[in-house]
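Fold and geometry: a report
Chain by chain, the residues run as shown.
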Amino acid sequence: MAEKPKLLDACREALRIPADCTDFDAEIEDLIEAARAAMRAGGVADDVAADDSNSTVRLAVKVYCKANFGMDNPDADRLTQSFDDLLTMMGGSAEFGGAS
């Protein structure tokens, strides 16, 4: 199996930002940390929220970034709901440190 790209690179790709464009990296890194904080607040264990190899965590972070990056995003509400749904699932699952 191929190694997964770094989370920053994966988020940049999800946002359709070229790999050689690093102009928005600070904003994306802040969004990654905000997504992790939201996961922890939603009941996801600290070590799981920090696990860049977990596919569900990676998906949740990318969805959070897509929902909150830039201004006037017409998909923000839909993406925020998607993140909230993922967070509810993760927070209610023992696999992610939530309730069993």
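Here the residue numbers are simple positions, counted from 1 along each chain's written sequence. Note on the predicted model: pLDDT of at least 70 is required for a residue's local features to be given, and 80 or more for side-chain atom pairs to be given and counted; whole-chain, interface and lining totals, by contrast, use all residues. The basis for every side-chain value is the complete set of heavy atoms in the structure, and neither hydrogens nor water enter the calculation.

In this section: the environment of serine 82. Mapped onto the secondary structure, serine 82 falls in helix H5 (residues 76-91). Between the C-alpha atom of serine 82 and that of tyrosine 64, which follows or precedes it by 18 residues, the distance is 8.6 Å. Secondary structure follows DSSP: runs of H or I at least 4 residues long count as helices, runs of E at least 2 residues long count as strands, and numbering of each begins at the N terminus.

Moving on to the packing of aromatic side chains. In summary, the pairing rule links any two rings of Phe, Tyr or Trp, Trp by its six-membered ring, whose centres are within 6.5 Å, and it sorts them by plane angle into stacked for under 30 degrees, edge-to-face for over 60 and tilted for everything else. Applying the stated criterion to the full structure yields 2 aromatic pairs. Each ring, one from phenylalanine 24 and one from phenylalanine 69, has its centre 5.6 Å from the other, and the planes form 85 degrees; the classification is edge-to-face. Of this pair, phenylalanine 24 sits in the loop between helix H1 (7-14) and helix H2 (25-41) while phenylalanine 69 is found in the loop between helix H4 (55-68) and H5, placing the two residues 45 residues apart along the sequence. Classification of phenylalanine 24 as partly exposed rests on a relative accessible area of 37%. The cut-offs for exposure are 20% and 50% of the maximum accessible area for each residue type, with area from a 1.4 Å probe on protein chains only; residues under the lower value are buried, those over the upper are exposed, and the others partly exposed.

If you want to describe how two helices pack, look at the angle between their axes and the distance between the axes. Remark: H1 packs on H2, axes separated minimally by 10 Å, with the N-to-C direction vectors making an angle of 105 degrees. One element, H1, and the other, H2, form an angle in the roughly perpendicular class. When H1 is examined against H2, the residues Leu7, Leu8, Cys11 and Arg12 are found in contact with a partner set consisting of Asp25, Ile28, Glu29, Ile32 and Arg36. Side-chain classes are defined by residue name, with Ala, Val, Leu, Ile, Met, Phe, Trp, Tyr, Cys and Pro counting as nonpolar, Asp, Glu, Lys and Arg as charged, and the others, Gly among them, as polar. Its residues assigned to classes, the contact of H1 with H2 shows 5 nonpolar, no polar and 4 charged. Simply put, an axis is a line fit to the C-alpha atoms, just over the touching stretch for a helix, and the angle between two N-to-C directions goes from 0 to 180 degrees. Angle categories: roughly parallel below 35 degrees, roughly antiparallel above 145, roughly perpendicular from 65 to 115, and oblique for all the rest. Note on contacts: a residue pair is in contact if any heavy atoms of the two residues lie within 4.5 Å.

This next bit is on the side chain of asparagine 54. Topologically, asparagine 54 is positioned in the loop between helix H3 (46-49) and H4. At 3.1 Å, the side chain of asparagine 54 and the backbone nitrogen of valine 57 are in polar contact. Throughout this description, a polar contact denotes any pair of N or O atoms lying within 3.5 Å of each other; where both atoms belong to protein, one of them has to be capable of donating a hydrogen while the other can accept it, and for residues adjacent in sequence the pair is counted only when both atoms sit in side chains.

A few words on unusual backbone geometry. Even without being glycine, arginine 16 reaches a positive phi, approximately 65 degrees. If you check the backbone angles, aspartate 72 has positive phi at about 55 degrees while not being a glycine. Position of aspartate 72 relative to the elements: it lies in the loop between H4 and H5.

This part covers H2. Here the expected span of a helix is defined as 1.5 Å times the quantity of residues minus one. Taking 1.5 Å per residue as the helical rise, H2 with its 17 residues ought to reach 24 Å, and the 24 Å between its terminal C-alpha atoms agrees with that figure. Against H1, H3, H4 and H5 lie the buried residues of H2. Directly beyond the C-terminal end of H2, a positive phi value near 105 degrees is found at glycine 43.

Further remarks concern the nonpolar core. Nonpolar side chains tend toward joint burial in soluble globular proteins. Residues enter a nonpolar core if they are buried and are Ala, Val, Leu, Ile, Met, Phe, Trp, Tyr or Cys, with the set joined through side-chain atoms within 4.5 Å. Membership of the largest hydrophobic core comes to 28 residues, with the highest contact counts inside it found for Ile28, Ile32, Met39, Val44 and Val61. Within the residue set of this core, elements represented by two or more residues are H1, H2, H3, H4 and H5. The element contributing the most residues to this core is H4, with 7 residues. Apart from the residues lying within four places of it in its own chain, the contact partners of isoleucine 32 are Leu7, Leu8, Cys11, Val61 and Cys65.

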